[in-house]
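Fold and geometry: a report
Residue-level listing of the chains:
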Amino acid sequence: MPEHLWLVRPRRDGGSDYVRFLPRQGNVEVLEGSHLPPQMPLLKSRHWLATEEAEARRRDLQQEGGYQFSDPLF
């Protein structure tokens, strides 16, 4: 997995749902939240996954959740 990875899905209200994958010490920190500029981002969940589980989660989000690769939102 790259140094960090962002997946983003646009929302109807002009905001975005996001998932950030950040590899750390053999595991991957997964942050899920939403962002509606100019407000501060809302963190909905934070959890740790093994690298293989994180890759499977990324594929599911892209194939079934409508998320796409993105530059960092903030």
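The preceding data block contains the structure.
Residues numbered from 1 in each chain as written. Predicted model: local features only at pLDDT ≥ 70, side-chain atom pairs only at ≥ 80, totals over all residues. Heavy atoms only, no water.

**Notes on the overall build of the chain**
A tally of helices and strands in the chain yields 1 helix and 5 strands. N-terminal to C-terminal, the α/β element order of the chain is β-β-β-β-α-β. Taking 11 Å as the expected radius of gyration for a compact globule of 74 residues, we find that the chain reaches 12 Å, a close match to that expectation. Principal-axis analysis of the C-alpha atoms gives the chain an extent of 35 × 25 × 20 Å. By sequence separation, contacts in the chain at least 24 residues apart represent 37% of the contacts at least 6 residues apart. Here the chain displays about 4,900 Å² of accessible surface, and carbon together with sulfur accounts for 48% of that area. (Helix = DSSP H or I, 4+ residues; strand = E, 2+ residues; numbered from the N terminus. Rg over C-alpha atoms; globule rule 2.2 N^0.38 Å. Contact = heavy atoms within 4.5 Å. Areas by Shrake-Rupley, 256 points an atom, 1.4 Å probe, with all protein chains shown as cover.)

**Points about the pairing of strand E2 (residues 16-24)**
Across 6 bridges, the pairing between strand E1 (residues 5-10) and E2 is antiparallel. Considered in E2, the bridge of Leu 7 is made with Val 19. Between E1 and E2, which follow one another and run antiparallel, lie 5 residues, and Gly 14 among them has a positive phi close to 95 degrees. With 9 bridges connecting them, E2 and strand E3 (residues 27-35) associate as antiparallel partners. The residue bridging Pro 23 from the neighbouring strand is Val 28, located in E3. Taken together, E2 and the strand that follows it, E3, pair antiparallel across an intervening segment of 2 residues, in which Gln 25 is found at a positive phi of about 50 degrees. (Pairing = 2+ DSSP bridges.)

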